[in-house]
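# Reading the structure
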Amino acid sequence: MLKALKSGTTSYYPVLLFAGSSFIMLSLFRLGYFILFSERILAVTNLSTYFLLGLRADAIQVGYFTIIPLLLFPLLNFHRSHYLWLRFSLIWFAICFLVLLFMEVSTPAFLLQYDSRPNRLFFEYLLYPKEVFSTLWEGFRGWLIVGTIVMCGAVYTLLFLQKRMYHQLRSRKPHHGVAWLLWPFIVVVTLFGIRSTLAHRPANPAFFAVTSDAMVNSLFINSSYSVAYAAYNLRHEASANRVYGNLSDDEVIDVITSEPHLRHAQFPFSDYPTVHYQPATNKRERPLNIVIILEESLGATFVESLGGIAATPNLEQLKHHGWWFENLYATGIRSVRGIEAVVSGFLPSRARSTVKLSKSQRYFFTIADTLKREGYHTEFIYGGESHFDNMASFFSGNGFSNIIDQDDFKHPKFVGSWGVSDHDLFQKLHERLIYAEQRHQPTFTLAFSSSNHEPFEFPDDEIVLFEQPKNTVNNAVKYADHALGAFFKQAMTSDYWQNTVFLVVADHDTRVYGDELIPLSKFHIPGIIVGAGISARTITAVASQIDLAPTLLSLAGVSAYLPTLGQDLSQIDVPPSNRAMMQFGDNFGWLEGDNFTIITTAGEHHQFRYDKANKKLISTTLPLEHQALERIQAHAMASSILYEQQIYYVPKSPAQ
């Protein structure tokens, strides 16, 4: 009997070997992450929970890889065809093991950069190998070399072992009857490992989000599972944010259009329910040019008066000439999030940015589309390649008449991995504004910097370095600030200055990380509006990137229909909303004053008080009224509804 059982299990040796080696390998990597982040892990959980939950999550991914050959087993488990099963399973499991290993080898660099295991950003960035490789080479060269050696060694070893094991197992005579009897039991065990629970719904990454530290939660699962689940979720992008509440679409629209600053607004388009008329607070005979300078990764971390280091003296000087935002917050942690918030005023979402989504490539609101209808010339200036992150497609389809990117810079002074330097970018912006002034046509320009991006390359001898070595984030920020200061010194003495309003704002902070569900302090960004007729003023209320577009239009003297939910902060008779919203992974945050609410995909909400001086969230037990929670849920859900129904747009006439 024992002999027959042993002979019957011969067919499953590849399965057992793959499962065992995968669990060991994944656990060893998890041990390595524990060594790297032990302080953060032990602050929110214990060692046994960390490893046991990890094994449970690993069983899901190992199960997914295992179930396919197991389901094929009945087709191949015959005396004459048994060798096909062995050949297929050994090759299949070797490939699967390499996938698991590759993802774990890729994880340390990703963790250090994004404070999370690889997720959707991992495969999104694979579309841009040049930029990604240069970033890895400059910032993680040692690990890149080690990882390449490990993967090459693993491929060679598995090829050798796979051939050797095939010949060994084929020489044995399996007991097919026992193998058939064992098959249902093994399949059931595997399926239970995949499901991981007897609850109504199977486990998913949210199931393992058991601590208050988002990074630690990501360590419980493995990187292959994290990326696979992110890819799976792409199928549900349109409704990604509907998980935050049970409100109907009409209820969501009613709530978000009932904000205090919209109380007196009229919504005349039934098919576009957020579109309302915004009269400009500044009446002008000729509307002003509008220039948005979107600064790459220039968070409050680098602004001394906002609690950061003293790396941006030129930006600090500008606040004496315009509106300075003390409590401005980004909606997300990537450039495309900053673009959609600043240029479109769109609410944050778990889905990919609307810059990339298919339904928003045309007939989607941008400030450029509104201004183009008002007779403006509209253009985008970028020092890199405008196809990156699908920017060129999104902009050209939504109101931008002209796109200038790296290929349009003749003889730039400096070119790095991400394009020409900020000095080259601002010189091009200066030239284009002079040209626009000569044409006597109002112009809207979005200029997007790139020097403050890993691997932090910028021209030599431009600044006194903040620190050694040269290519660090603090030095890159100081250079970006230097280039910005040089531009405004030139702009303030140019003819176009008295006809132009400028917004300088960060797209996001660099490296958003922390041991909180949402590291709020890393969403704090600087913003300033300067230019014609703008006097010095400090905006102390909490504000969001989505408030900037309506405010800019009003200051420039442009009255228009808008679908935005942001507030025109130039309205002196309307109190500021004093709120900001943001998305961090699966968590949606709502900051109102110093009260911060986080809602999760699991249907939970958490209350905190924000201690801005110490940049910490302090958990509170303050009750949240039902109406207040619904308000937050509605704003969290709105992005999915507006995108899915393609109603975030201003029709050209009521008939449309």
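Attention in this report is confined to the structure presented alongside it. What you are looking at is a predicted structure, and each value in this text was computed from that prediction instead of being measured. (Residues numbered from 1 in each chain as written. Predicted model: local features only at pLDDT ≥ 70, side-chain atom pairs only at ≥ 80, totals over all residues. Heavy atoms only, no water.)

## Notes on helix H13 (residues 335–344)
Most of H13 is tucked away: ten of the ten residues are buried. Of all the positions in H13, only Ser335, Val336, Arg337, Gly338, Ile339, Glu340, Ala341, Val342, Val343 and Ser344 are classed as buried. Where H13 is buried, its residues touch strand S2 (289–295), helix H14 (367–373), helix H15 (391–397), strand S8 (443–448), strand S9 (500–506) and helix H18 (548–556). Phi turns positive, to about 65°, at Gly345, one or two residues after H13. (Buried < 20%, exposed > 50% of the residue type's maximum accessible area, 1.4 Å probe, protein only. Helix = DSSP H or I, 4+ residues; strand = E, 2+ residues; numbered from the N terminus. Contact = heavy atoms within 4.5 Å.)

## Overview of a nonpolar patch on the surface
A cluster of nonpolar residues, Ile24, Leu28, Leu31 and Ile35, forms a patch on the protein surface that exposes about 410 Å² of accessible area. Considering the arrangement of structural elements, one finds Ile24 in helix H2 (residues 13–44). Classification of Ile24 as exposed rests on a relative accessible area of 55%. (Patch = residues over 30% accessible without salt bridge, like charges linked within 9 Å, V, L, I, M, F, W, Y side chains within 5 Å. Areas by Shrake-Rupley, 256 points an atom, 1.4 Å probe, with all protein chains shown as cover. Salt bridge = Lys/Arg side-chain N within 4 Å of Asp/Glu carboxyl O.)

## A short note on the side chain of Asn474
Here Asn474 lies in helix H17 (residues 473–491). Residue classification places Asn474 among the buried residues on the basis of a relative accessible area of 15%. Of note is the side chain of Asn474, whose polar atom sits 3.3 Å from the side chain of Glu467. Leaving out residues up to four positions away in the same chain, Asn474 has contacts with Phe302, Ile309, Ala311, Phe466 and Glu467. (Polar contact = N/O pair within 3.5 Å; in protein donor to acceptor, adjacent residues only side chain to side chain.)

## Thoughts on the nonpolar core
Judged by nonpolar contacts, the single largest core of 127 residues is most densely connected at Phe444, Phe487 and Phe488. By residue number, the principal contributor to this core is helix H19 (residues 626–644), which donates nine residues. Filtering out sequence-adjacent residues up to four positions away, Phe444 remains in contact with Ile290, Ile292, Ile367, Ala368, Leu371, Tyr376, His377, Thr378, Glu379 and Phe400. Among the nonpolar cores identified, the runner-up in size contains 50 residues, and Leu26, Ala57, Leu98 and Tyr225 belong to it. (Core = buried A, V, L, I, M, F, W, Y, C linked by side-chain atoms within 4.5 Å.)

## Description of the sheet that holds strand S18 (residues 616–619)
Read from one edge to the other, the open sheet built from five strands follows the order S14-S15-S16-S17-S18, with strand pairing classed as antiparallel. The sheet is open, and its two edges are formed by strand S14 (579–584) and S18, each paired on a single side. When strand polarity is set aside, the average angle formed by the axes of neighbouring strands in this sheet is 30°. In this structure, strand S15 (residues 587–592) lies alongside strand S16 (residues 595–599), joined through five bridges in antiparallel fashion. Looking at the pairing, Leu591 lines up with Phe596 of S16. Sitting on the sheet, H19 is in contact with S14, S15, S16 and strand S17 (605–611), with an inclination near 125° to S15. (Pairing = 2+ DSSP bridges. Axes fitted to C-alpha atoms, helices over the stretch in contact; angles between N-to-C directions.)

## Here we look at the state of the cysteines
Counting across every chain of the model gives zero disulfides. Residue Cys96 stays outside any disulfide, its sulfur separated by 20 Å from that of Cys152, the closest cysteine. A residue is classified by how much of its surface remains accessible, and Cys96, at 2% relative accessible area, is buried. (Disulfide = S-S within 2.5 Å.)

## Side note on the packing of aromatic side chains
Summed over the entire model, instances satisfying the criterion amount to 36 aromatic pairs. Through a chain of ring-to-ring contacts, three or more aromatic side chains come together here, namely Phe346, Phe364, Phe365, Phe380, Tyr382, Phe394, Phe395, Phe400, Phe444, Phe448 and Tyr648. Lys470 extends its terminal NZ or CZ atom over the ring of Phe458, reaching a point 4.7 Å from the ring centre. When the ring centre of Trp323 is taken as origin, the NZ or CZ atom of Arg537, which lies over that ring, is 4.3 Å away. (Phe/Tyr/Trp six-rings, centres within 6.5 Å; stacked < 30°, edge-to-face > 60°. Lys NZ or Arg CZ within 6 Å of the ring centre and 35° of its normal.)

## What to know about the pattern of salt bridges
Counting across every chain of the model gives 18 salt bridges. Put simply, Glu104 and Arg117 hold a salt bridge, and the shortest N to O gap is 3.1 Å. Pair noted here: Glu104 is in helix H4 (residues 82–114) and Arg117 is in the loop between H4 and helix H5 (120–125), with a separation of 13 residues, a long-range link. Both residues of the pair, Glu104 and Arg117, count as buried. A salt bridge links Arg334 to Asp389, with the shortest nitrogen-to-oxygen separation between them at 3.0 Å. Taken together, the positions of Arg334 in the loop between strand S3 (322–329) and H13 and Asp389 in the loop between strand S4 (377–382) and H15 put the pair 55 residues apart, joining distant regions of the chain. In terms of burial, Arg334 and Asp389 fall into one category: buried. Residues joined by salt bridges that share partners form a network here, namely Arg40, Asp115 and Asp213.

## Brief notes about unusual backbone geometry
Of note, the bond from Glu454 into Pro455 is cis; its omega dihedral lies within 30 degrees of zero at 10°. Structurally, the position occupied by Pro455 is in the loop between S8 and H17. Residue Gln468 is joined to Pro469 through a cis peptide bond whose omega torsion reads 0°. Along the polypeptide, Pro469 turns up in the loop between S8 and H17. Positive phi, normally seen in glycine, also occurs at His440, with a value near 60°. The class of His440 is exposed, set by a relative accessible area of 64%. At Asp461, a residue that is not glycine, the phi angle is positive and equals roughly 60°.

## Notes on the packing of helix H11 (residues 249–256) against H19
Any two packed helices are characterised by how steeply their axes cross, that is the angle between the axes, and by the distance between the axes. Across the interface, H11 lies against H19 with an axial gap of 8 Å and an inter-helix angle of 115°. Like other packed secondary-structure pairs, H11 and H19 cross with a definite hand, here left-handed. On H19, the residues that touch Asp249, Val252, Ile253, Val255 and Ile256 of H11 are Glu630, Arg631, Ala634, His635, Met637, Ala638, Ile641 and Leu642. By residue class, the composition of the contact of H11 with H19 is nine nonpolar, one polar and three charged. (Left-handed = near helix turned anticlockwise from the far one by under 90°. Nonpolar A, V, L, I, M, F, W, Y, C, P; charged D, E, K, R; others polar.)

## Thoughts on the pairing of strand S10 (residues 524–531)
A large share of S10 lies buried, amounting to eight of its eight residues. Neither face of S10 is open: one carries His524, Pro526, Ile528 and Val530, the other Ile525, Gly527, Ile529 and Gly531, and all of them are buried. Direction of pairing for S3 relative to S10: antiparallel, over a ladder of six bridges. Looking at the pairing, Trp324 lines up with Ile528 of S10. Relative to S10, S9 runs antiparallel, the two sharing five bridges. Residue pairing in the sheet places Phe502 in a bridge with Val530 of S10.

Read these as geometric descriptors, not functional statements.
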